[in-house]
Every structure is written in C-alpha cells, then in structure tokens.
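Listed below are the residues making up each chain.
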Amino acid sequence: MEACPAPGAVHPDIVPTDVLAADAGRGLRAADCALMLDGYLRRLVRQEARARRVLGTLARGFLRRHHHHDLGFARLRDYTRERLGLSARELQTLAHVVEGMARLPAIGDAFDRGEITWSQARCLVALATPEDAPLWLLIARFRTVRALEATVARRAGRRVAGDTIDGEERVRVRLRCPRHVRARWGEVLELARCMCGSEVAPWHAAEAIAAEGHSARGVEPDDPLAGLPDPVPTPLPEYEARDPLPALDWSAVQEALPEDVEALARGAEDLNAFALDRRMRAALRAMQRVDFQMGRLLHLVFARRLHRLLGFPTAARYVQERLGLSARKARALVSLERRSAALPALAAAYRQGEVSWLRALSLLPVADEGSAAAWVARAQAVTVRRLVDEVEWTLAVRDTCGEAPGPPPLGTRLVRPQRQVCAHAVDADITFFAPASVAILLRSAITSFTRLTEPSWRGLERLLDHVHQEWSTQPRHRDPIFARDGWRCAVPACTSRRNLHDHHLLFRSRGGGHARDNRITVCAWHHLRGIHQGRVRAWGTAPDAVTWELGTRPGQPPLLTLRGDRYMEGSELVT
C-alpha cells in the first residue's frame, strides 16, 4: 500500500502564532528580536531543505522515465507549471542534487546531519568526486556560498559576476505611457507569440518590435554596444572566507520532517507516474506551508533591518550565507507576503496549499480586497494557462475601460476590448527586463517614431500601431480553425504554438464530419502521441464545449478531466 498523506493533511507550524503576527518582537530589544527570528528561520529552512530532498528523490524517477508523457503533458514545463506550480528547471535541479548526494555519500550524510545547507550541497555535488568530497566539505565550512558558486561557475566556463540575459548585462526597461498604450503593448505581445509560434519573453518581443520599426524607417541600426567599453564586472570571490561573518551559532540545526512527509520518498523507484505525481504534490504542500512562515519572518527581518544586527551588511548576504536560500527566492517570498497582507482570502489559500505559489503570484496584479475571494476560487477552478489569460484580459479591460471588478464569467471567450484613446494621462508602466542591447534598440526605434516636442510615449504608440498592422496582415494558414483557437494547442495546460494539427474530435474513420464544430487545434505531440496513443481523450463540440481527459489508463480514472480549461467536479485540482 502506498504511504502517502491525505491531500488535506495539515501539520503544526514551527513558528508560534504570536511570532507570525505583524507586531512580533514588540517589547523586545532589537538584538533579541533578531536572534529570535533568526533561530526560527534556521529551523524553517532546515525543514524546507529536507522536504526538497524528498521532492528531488521523487523527481529522479519521474524525470528519468519521462512520466509527464504518461500523464498527458507534451512538455515537462507544462506539467510542472500546472501540477506543481514551479518551473521545469527547478524540478530538474532538485533531482540533480539528490542524484549527486547518492553518488557522493559523504555529502549526503553531511546534509542529513545538518552540517551543510541545500545551497552548499548544490555547489558541492557539481565540484566533488568520491575521492575529494571530504576535502570539499572541509572547505565549505570556511568558505562562503558565494565563493563556492564562483568556483562552480569558473569550472563550467560561465561568467561569475553580474546578472545577465543571453550573455549581456540584464537591465530593467520601464516605459511610462497612458493605459491605452499599455493595452496596445499587450495586443502586440500576444501577436508576437503567434508570429514566433512560442511563448516568447517580453524582451524577445521587444527585439522583434524594434527590428520592425527600424525596417519601416529604413534604418540599419549599428551595434548598439559598439564603441562602448566592455563592462568590468566585479568578480565573485572564489576564496572568500567566512571570517568576516559574525560570531553567531553556526552549529548544525536538526529539524525533523513530519513522518508522513518523510515517508513520501520510500519506494520512490517503484512508483508509477500517477503515484509519483500524488507524492510530489503532497511534498510541495508541506514546503508551501513552510514557505509561508519564512516569508512572514523574512518580511519582519528585512523591514526592521535586523540582518545588520546579526552582522550581515545586506539582506541578500544574510539569506544566502546564513540560511542557504537564494536572494531571488527570498525577495519573492517577501513580496508575496507583503502584497497579500491586505488580501486575507489569498493569504489563507496560499498558506493552506489551496493555491500554488505560481497561481498566487499570478493573482497579485488583479486581486483586491473585494475580489480576492473570487479570484482564489477561479484559480482553483481553471488551468494556469486560462488563469494567466484571464488576468491579462482583466488588466487590458482596466487599461481601456477602467473597470474590471473581478474575474470574467466562467467559459467566457476573452476578446480584448476596443481601445479608448481619449485619455492621455501618463499613468501606466510597461516594465520588463532585457539585455542591454535590446533596451538600446527599442529606445532607438521609439525615438525614430517620435516627433520633435512630443513625449516618447507618442512614438511608442505609433511604433506599436505600425507593428500591429504589419504583423496582423501577414499571410496565415488558410485553415480558419487555427485562427479561431488562437494559434495554439487547445489541450488544457499546453503552451505549444507550433507544429499545429487540425484534429477531428469524432474521428473521420468513425463517421466524423469536417464541420468546424468537430475540429480542434492540437499540437503534433498531443495529436500523434497523446490522442492516438490513448494518453489523452477529447470529445464534444468545438471550440467551447470540448471535454478533455489527460492521463487516461485502462480500468482507472484519468489524471484530469476538464471542460475546456475548466476542471470538472471531482477532479483533483492543482494546489
């Protein structure tokens, strides 16, 4: 019998309720408050790290056998996003670290004893061999995590300093504009995804927009970085010692996992795709409850600058060296905690594991005190793909019409409203990160469309209007089914926009006709290896009344049953 906790199992919190309160530490000296919160944070991080090992153990067998295919998902990233609420890379990294611990038992034993953090273990499994693992463990005791990461990067031939995208400096692009221009940006971004046949990042779209704008003006842009001196990065110190760090208690933290969570890793190699899916989701629920507590305490530490009293110059150094967390994850935890503080319905659903980390973050731009409960209910009822579409649609409605009190009715076809260009108040931002050269090219293209004495947003508006007109008139496939379905696979949670097939819901071999309501857009994998190999079933009337079953198997219920992108009653929804 499979040992797996009940989906709704709730474990007692490590941190007492009064410490989780917003006024925790009031009446204590700042130094005492810092030590108290630091102690709880170290226990939380230790428990989360042990849960990570459980999840990585489960992920090893899942990834090795490509089990996401058995569950009806064409791509690993679609599976992890929909079912686990994390990225494919993160799941792969967890499995890689656990694999390294199995290959290097000295490192695995040191992690089990609490002598090294998860971050240190991740570095060491990339550096060590069975012969020199004890030496690297000794080095890790006296060297910072930054130094270990720099050594790993140097051995892998990567840059060890700076934050880069595509090998260039990562910069933040912020374009101030009226709301109707931001709505036009959203339309062009969606059009770029259709043109490219993939879920492109905003900076990829910005690069294509700039190229189209320069082409229209007959400009052959020079290398935007030509003539500029190469940036001189401040290298991460490979030999940075822990000597400058404060004389805190650095002894190992022993924090046990709840027994039912620890039991999830037992017999993982013998489980099928469906059992592994259940166990990974149970492990994530336990991790998410810990993450909620960490976010609350980190918010208190950062808001009061308590890391300085512990001897760390920056919050990033504190979480990296003391807790073994990445600075990016710590910032995300604090951001979610801070922004959900006024949304008790969202905070409670996230804390109890009723909505995943990814779904909670997706709701932050649109949820307010009056609509948070409705948005939480919607996040539990539809796929991540549909939820993101509804959030983007709601933001577009707000930019054009000024009203969007809550989520649209279930099943509504999301048609972007017509732009209203009468208001010119510069009250919106288009913000994204991009390589430095792309940021320069986009600014140059906007300038070429801006007349003298005009604000730059006017040039941006003309540029976007030109690109929209050019791309929307490009020749497309003559089959109207693809355009009707938005030029992407209609299988729930699938993000594929290329290699699209026209599938007959009732097979022609069984008498199905060629009418449009019997035809639906699916990607090649879902058509040939999903539907025709029995992993996926679909029936109904296209486009809005199609029932999907993902992860079908003989004599057993499917993994998921959906009507369009809406989960059917009785399906095990994502947490």
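Note that the structure is predicted; figures quoted are calculated from it, not measured.

Conventions used here
- Residues numbered from 1 in each chain as written.
- Predicted model: local features only at pLDDT ≥ 70, side-chain atom pairs only at ≥ 80, totals over all residues.
- Heavy atoms only, no water.
- Helix = DSSP H or I, 4+ residues; strand = E, 2+ residues; numbered from the N terminus.
- Buried < 20%, exposed > 50% of the residue type's maximum accessible area, 1.4 Å probe, protein only.
- Areas by Shrake-Rupley, 256 points an atom, 1.4 Å probe, with all protein chains shown as cover.
- Pairing = 2+ DSSP bridges.
- Core = buried A, V, L, I, M, F, W, Y, C linked by side-chain atoms within 4.5 Å.
- Contact = heavy atoms within 4.5 Å.
- Patch = residues over 30% accessible without salt bridge, like charges linked within 9 Å, V, L, I, M, F, W, Y side chains within 5 Å.
- Salt bridge = Lys/Arg side-chain N within 4 Å of Asp/Glu carboxyl O.
- pLDDT = per-residue confidence, 0-100.
- Phe/Tyr/Trp six-rings, centres within 6.5 Å; stacked < 30°, edge-to-face > 60°.
- Lys NZ or Arg CZ within 6 Å of the ring centre and 35° of its normal.

Comments concerning the overall build of the chain
Here is step 1 of the chain: Tallying secondary structure elements over the chain gives 24 helices and nine strands in all.
Here is step 2 of the chain: Put simply, the chain has 575 residues, and 52% of those count as buried.
Here is step 3 of the chain: As displayed, the chain has an accessible area near 26,700 Å², and 52% of this comes from carbon and sulfur atoms.

A look at the sheet that holds strand 7 (residues 545–550)
Here is step 1 of the chain: Spatial strand order, 6-7-8-9: four strands in an open sheet with antiparallel pairing. Each edge of the sheet is formed by a strand with only one pairing partner; in this case those strands are strand 6 (536–541) and strand 9 (566–567).
Here is step 2 of the chain: Pairing of strand 8 (residues 560–563) with strand 9 involves two bridges; the strand directions are antiparallel. From the neighbouring strand, R563 faces strand 9, where its bridge partner is R566.

Considering the environment of F507
Here is step 1 of the chain: Relative to the assigned elements, F507 resides in the loop between strand 4 (500–504) and strand 5 (519–523).
Here is step 2 of the chain: C-alpha separation for the pair F507 and R519, spaced twelve residues apart in sequence, amounts to 9.6 Å.

Some details on the nonpolar core
Here is step 1 of the chain: In terms of nonpolar packing, the biggest core is built from 76 residues, with L55, L91, I107, M280 and W548 touching the most fellow members.
Here is step 2 of the chain: At ten residues, helix 13 (residues 273–303) tops the list of elements feeding residues into this core.
Here is step 3 of the chain: Those residues within four positions of W548 in sequence are excluded, and the remaining contacts are A490, V491, P492, I520, V522, V536, R537, A538, L560, T561, L562 and G564.
Here is step 4 of the chain: F312, A349, L363 and V366 belong to the second-largest nonpolar core, a separate cluster that totals 50 residues.

Quick look at helix 7 (residues 118–127)
Here is step 1 of the chain: Of all ten residues that make up helix 7, eight are buried, and the element is covered over most of its length.
Here is step 2 of the chain: Listed in full, the buried residues belonging to helix 7 are W118, S119, Q120, A121, C123, L124, V125 and L127.

Observations concerning the pairing of strand 6
Here is step 1 of the chain: In this sheet, strand 7 lies alongside strand 6 in antiparallel orientation, the contact comprising six bridges. Counterpart to R537 in the pairing with strand 7 is E549.
Here is step 2 of the chain: A loop of three residues connects strand 6 with strand 7, the two strands running antiparallel in sequence.

Overview of helix 24 (residues 524–531)
Here is step 1 of the chain: Buried within helix 24 are the following residues: W525, H526, H527, G530 and I531.
Here is step 2 of the chain: Residues of helix 24 that are buried sit in contact with helix 3 (67–70), strand 4, strand 5 and strand 6.

Comments concerning unusual backbone geometry
Here is step 1 of the chain: Between A542 and P543 the backbone carries a cis peptide bond, its omega angle lying at 0°.
Here is step 2 of the chain: Along the chain, P543 turns up in the loop between strand 6 and strand 7.
Here is step 3 of the chain: The backbone of W487 sits at a positive phi, close to 60°, despite the residue not being glycine.
Here is step 4 of the chain: Secondary-structure assignment places W487 in the loop between helix 23 (480–484) and strand 4.
Here is step 5 of the chain: With a relative accessible area of 16%, W487 lands in the buried category.
Here is step 6 of the chain: Positive phi outside glycine occurs at A493, with the angle close to 75°.
Here is step 7 of the chain: The topology assignment puts A493 in the loop between helix 23 and strand 4.
Here is step 8 of the chain: On the basis of relative accessible area, A493 is assigned to the buried category, the value being 7%.

Examining a nonpolar patch on the surface
Here is step 1 of the chain: A contiguous nonpolar patch, built from L135, L138 and F142 and spanning about 300 Å² of accessible area, is present on the exposed surface.
Here is step 2 of the chain: Of note, L135 is situated in helix 8 (residues 133–142).

Thoughts on the confidence of the model for the chain
Here is step 1 of the chain: Of all residues in the chain, 88% have pLDDT values of 70 or greater, and the mean over the chain is 85.
Here is step 2 of the chain: Averaged pLDDT values over the elements of the chain bottom out at 70 in strand 1 (residues 164–165) and peak at 96 in helix 3.
Here is step 3 of the chain: The low-confidence segment residues 1–8 (pLDDT under 50) makes 14 contacts with residues lying over four places distant or belonging to another chain.

Re the packing of aromatic side chains
Here is step 1 of the chain: Across all of its chains, the model carries seven aromatic pairs by this definition.
Here is step 2 of the chain: Between W185 and F432, the aromatic rings sit 5.5 Å apart at their centres with planes inclined by 10°, giving stacked as the arrangement. Here W185 is found in helix 10 (residues 179–196), whereas its partner F432 is found in strand 3 (residues 428–435), with 247 residues between them in sequence.
Here is step 3 of the chain: Taken together, the ring pairs connect F62, F73 and Y79 into an aromatic cluster.
Here is step 4 of the chain: Here the guanidinium or amino end of R170 rests over the ring plane of F433, the centre of that ring lying 3.7 Å away.

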